[in-house]
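Chain by chain, the residues run as shown.
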Amino acid sequence: QVQLVESGGGLVQAGGSLRLSCAASGRTFTSYDMGWFRQAPGKEREFVAAISRDGASTFYADSVKGRFTSSRNNAKNTADLEMDSLKPEDTAVYYCAARRPDSRSVFYAHTYAYWGQGTQVTVSS
């Protein structure tokens, strides 16, 4: 099992940047693909980004492509999401998630077994 704790959320003006971090417990961090999802009030949870176990592959939702960057440090058991050029529509609770290797797309939340508690990101206009 793995436990995940997010940090780095907050309030930022449109056009600004935030960096979210996800710290994972356990010794098997490299066994997991890592994903980022978000949920805005009244909306479904949606995929944001993902990174493969070795960090060689990254995936992004079209809405954040070119603005967000997913990375990981396997030596430190951390995964980060750098968010630039933030927009008010990026406002949501952001979650990191972990899954064992899975043939299904990284876009599907139900393929992730482990979730953090979430961190609020608010972008003001």
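Use the structure listed above.
What counts, and at which threshold
- Residues numbered from 1 in each chain as written.
- Predicted model: local features only at pLDDT ≥ 70, side-chain atom pairs only at ≥ 80, totals over all residues.
- Heavy atoms only, no water.
- Buried < 20%, exposed > 50% of the residue type's maximum accessible area, 1.4 Å probe, protein only.
- Helix = DSSP H or I, 4+ residues; strand = E, 2+ residues; numbered from the N terminus.
- Pairing = 2+ DSSP bridges.
- Core = buried A, V, L, I, M, F, W, Y, C linked by side-chain atoms within 4.5 Å.
- Contact = heavy atoms within 4.5 Å.
- Axes fitted to C-alpha atoms, helices over the stretch in contact; angles between N-to-C directions.
- Disulfide = S-S within 2.5 Å.

*Asks:* Before we go on, may I ask you to explain the pairing of strand 3 (residues 18-24) in this structure?
*Replies:* Regular strands place side chains that alternate from one sheet face to the opposite one. Where burial is concerned, the two faces of strand 3 differ: the one with L18, L20, C22 and A24 is buried and the one with R19, S21 and A23 is not. Summarising the sheet, strand 1 (residues 4-7) and strand 3 pair through four bridges and their orientation is antiparallel. Each residue of the ladder has a partner; that of V5, found in strand 3, is A23.

*Asks:* Just to check I follow, could you spell out the nonpolar core for this structure?
*Replies:* Where a protein is soluble and globular, its nonpolar side chains tend to be buried together. L4, M34, V48, F68, L81, M83 and Y94 are the most contacted members of the largest nonpolar core, which totals 35 residues. Looking at this core, the elements with two or more residues in it are strand 3, strand 4 (33-39), strand 5 (46-51), strand 8 (78-83), strand 9 (92-99) and strand 11 (119-124). What L81 contacts, discounting residues up to four positions off in sequence, is L18, R19, L20, W36, V48, A49, F68, T69, S70 and Y94.

*Asks:* Sorry if this is basic, but what is going on with the sheet that holds strand 3 here?
*Replies:* Strand pairing in a sheet is mediated by backbone hydrogen bonds. Such pairs are either parallel or antiparallel. Strand order across the open sheet formed by four strands is 1-3-8-7, with antiparallel pairing between neighbours. Every other strand in the sheet has two partners, leaving strand 1 and strand 7 (68-73) as the edge strands with one partner each. Across this sheet, the average inter-strand angle for adjacent strands is 15 degrees, counted without regard to direction.

*Asks:* Any chance you could explain the state of the cysteines here in plain terms?
*Replies:* Within this structure, the stated rule accounts for one disulfide. The disulfide bridge from C22 ends at C96, spanning 2.1 Å between sulfur atoms. Classification of the bridge connecting C22 and C96 rests on its S-S torsion, roughly 60 degrees, and on that basis the disulfide is right-handed. Of this pair, C22 sits in strand 3 while C96 sits in strand 9, placing them 74 residues apart in sequence. Comparing C22 with C96 shows no difference in burial state: the two are buried.

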